[in-house]
Amino acid sequence: MLKKRVAGRTDAVIIRPREAVPIGARATGLPMSLLRIVDPPLAMVQNHIAGCSTDARALALLRKIDQSIVKLRADGTLNRLMTAR
């Protein structure tokens, strides 16, 4: 999407979290000087993950995600990530 934006094929690209923009730029070989991060954001995009609780691998992954969220919430990291601009 970033390459399409730089080529003028799209008007904007919404990337969340905003910290992913430099990573995407590096991955596509684009200099950050060609991109602009707007502040405040144009939109807040929520991310979701789904898994089937009857699939052992999916259930194990969901449990790991849940455990990670509990740890991030406990040490304040989750709040910092959710309120970062």
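Located above this text is the structure these notes cover.
Below: a short report on this structure.

A few points about the side chain of threonine 10
Then, in step 1: Of note, threonine 10 is situated in the loop between helix H1 (2-6) and helix H2 (20-28).
Then, in step 2: By relative accessible area, threonine 10 is classed as buried at 17%.
Then, in step 3: Other than its neighbours up to four places away in sequence, threonine 10 contacts Met1, Lys4 and Arg5.

Quick word on the environment of alanine 12
Then, in step 1: Along the chain, alanine 12 falls in the loop between H1 and H2.
Then, in step 2: When the C-alpha positions of alanine 12 and arginine 80 are compared, they lie 26 Å apart, and in sequence the two are 68 residues distant.

Considering the nonpolar core
Then, in step 1: If you look at the biggest cluster of nonpolar residues, it comprises five residues: Leu2, Val21, Ala25, Leu30 and Leu35.
Then, in step 2: Ignoring anything within four residues of it in the chain, the contact list for leucine 35 reads Leu2, Val6, Val21 and Ala25.

So, how was this worked out
- Residues numbered from 1 in each chain as written.
- Predicted model: local features only at pLDDT ≥ 70, side-chain atom pairs only at ≥ 80, totals over all residues.
- Heavy atoms only, no water.
- Helix = DSSP H or I, 4+ residues; strand = E, 2+ residues; numbered from the N terminus.
- Buried < 20%, exposed > 50% of the residue type's maximum accessible area, 1.4 Å probe, protein only.
- Contact = heavy atoms within 4.5 Å.
- Core = buried A, V, L, I, M, F, W, Y, C linked by side-chain atoms within 4.5 Å.

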